[in-house]
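# Commentary on secondary and tertiary structure
One-letter residues, chain by chain:
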Amino acid sequence: VHYGAVHIQNISTTVNFNTASPSSLLDGDAVYTINQNLIRTIIHSNRDAFDRAVFSLIKIVPLLLHAVDGVAELVVVEYINLLGNAIVEQGFPFQQSLEVKKRLYTQLSKTNPKNLALTLKKICRIYYDLVLNFDALNELTMAEQIKLYIMDNIRHKITLGDISKKLNISLKRL
């Protein structure tokens, strides 16, 4: 079962999972659409549409969880990868995306199936904020970006190499 794609077919707000098989409730095309809407709203930083897309995702959490036999970590890994790969495809720095994924993966052991909806909502919000801040940062001049980086890291030992790596600016250009 590809749990990144789920659809609710003629379902009320309560589902009796004992009588309904997950395959009768899951439809890849519908969750593909939910996922694509979520990605699109993150990439375009459209807050209202983002909130609606997250709400659509949250509504299907019980089905996602049931589809993977209650292993919430599988759903979390799927969405970390889905959103991480999507933002890289749109120009977000690959190395920064990997750093975010690492931080999120370290929290997997804390994922409780009862809190899966909240966990997914947080992950979506992290990626939304990343893209929003990345877009804002890209509108700054190089000097402004360097100044911001230095101000954010003033308490740490900073080298030109650190600035070059974090801001994707060659040492020669600095």
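Residues numbered from 1 in each chain as written. Predicted model: local features only at pLDDT ≥ 70, side-chain atom pairs only at ≥ 80, totals over all residues. Heavy atoms only, no water.

## Quick word on the overall build of the protein chain
Stated precisely, the cut-off is as follows: Only runs of H or I of at least four residues qualify as helices and only runs of E of at least two qualify as strands under DSSP, and these elements are numbered from the N terminus. For the exposure calls, accessible area comes from a 1.4 Å probe over protein chains only, and a residue counts as buried if that area is under 20% of its type's maximum, exposed if over 50%, partly exposed in between. By the convention used here, residues are in contact when the closest approach between their heavy atoms is within 4.5 Å.
Within the protein chain, the secondary structure is distributed over 9 helices and 0 strands. Scanning the protein chain from its N terminus toward the C terminus, one meets helices and strands in the order α-α-α-α-α-α-α-α-α. Within the protein chain, the fraction of its 174 residues that count as buried is 36%. Once local pairs closer than 6 in sequence are excluded, the contacts in the protein chain between residues at least 24 apart make up 65%.

## Things to note about the pattern of salt bridges
Using the following cut-off: Should a side-chain nitrogen of Lys or Arg be within 4 Å of a carboxyl oxygen of Asp or Glu, the pair is scored as a salt bridge.
Summed over the entire model, instances satisfying the criterion amount to 2 salt bridges. Close ionic contact of Arg47 with Asp51 constitutes a salt bridge, the shortest N to O distance being 3.0 Å. Residue Arg47 and its partner Asp51 are located together in helix 3 (residues 47-59), separated by 4 residues, close to a single helical turn. Under the relative-accessibility criterion, Asp51 is labelled partly exposed at 36%. The shortest N-O distance in the salt bridge between Asp129 and Arg125 comes to 3.0 Å. Taken together, the residues Asp129 and Arg125, both in helix 7 (residues 116-138) and 4 residues apart, mark about one turn of the helix.

## Looking at the environment of Tyr149
In this fold, Tyr149 is placed in helix 8 (residues 142-152). With a relative accessible area of 14%, Tyr149 lands in the buried category. Through-space distance from the C-alpha of Tyr149 to that of Leu167 is 8.3 Å; in sequence the pair is 18 residues apart. Other than its neighbours up to four places away in sequence, Tyr149 contacts Ile158, Asp162, Ile163, Lys166 and Leu167.

## Digging into the packing of aromatic side chains
Rules: Only centres within 6.5 Å qualify two rings of Phe, Tyr or Trp (six-membered ring in Trp) as a pair; their planes then separate them into stacked at under 30 degrees, edge-to-face at over 60, and tilted for everything else. Two conditions define a charge located above a ring, namely a distance within 6 Å from the ring centre to NZ of Lys or CZ of Arg, and an angle within 35 degrees of the ring normal.
This structure, assessed with the given rule, holds 1 aromatic pair. Above the face of the Tyr128 ring, Arg47 is positioned so that its terminal group lies 5.9 Å from the ring centre.

## Focus on the nonpolar core
Threshold: What we call a nonpolar core is a set of buried Ala, Val, Leu, Ile, Met, Phe, Trp, Tyr and Cys residues that are connected through their side-chain atoms within 4.5 Å.
Membership of the largest hydrophobic core comes to 35 residues, with the highest contact counts inside it found for Leu38, Ile42, Leu57 and Tyr127. Apart from residues no more than four positions distant in its own chain, Ile42 is found in contact with Phe50, Leu83, Ile87, Cys124, Tyr127, Tyr128 and Val131.

## Digging into helix 8
In an α-helix, one turn spans 3.6 residues; hence positions three or four apart end up facing the same way. Note the threshold: By construction, the arc corresponds to the directions joining the helix axis to the C-beta atoms.
Among the residues making up helix 8, those that are buried are Gln145, Ile146 and Tyr149. Taken around the axis of helix 8, the buried residues stretch over an arc of 100°, which confines them to a single face. Turned more than 90 degrees away from the buried face of helix 8, the exposed residues are Ala143, Lys147 and Met151.

## Considerations on the confidence of the model for the protein chain
For any part of a model where pLDDT is low, the fine detail of the predicted coordinates should not be relied upon. Defined as follows: Confidence scores labelled pLDDT are given residue by residue by the predictor and lie between 0 and 100.
In this model, the protein chain carries a mean pLDDT of 77, and residues with pLDDT of at least 70 account for 80%. Across the protein chain, the element-wise mean pLDDT spans from 50 in helix 1 (residues 22-25) up to 91 in helix 3. Across residues 1-24 the pLDDT falls below 50, and counting only partners more than four positions away or on other chains, this stretch makes 50 contacts in the model.

## Here we look at helix 5 (residues 72-89)
For clarity, the cut-off: A helix is expected to span 1.5 Å multiplied by its residue count minus one.
Here helix 5 contains 18 residues, and its C-alpha end-to-end distance of 26 Å stays within 8% of the 26 Å for a straight helix at 1.5 Å per residue. Residues of helix 5 that are buried include every one of Ala72, Val75, Val76, Glu78, Tyr79, Ile80, Leu83, Gly84, Ala86 and Ile87, and no others. Among the residues trailing helix 5, Gly91 stands out with phi positive, at a value near 110°.

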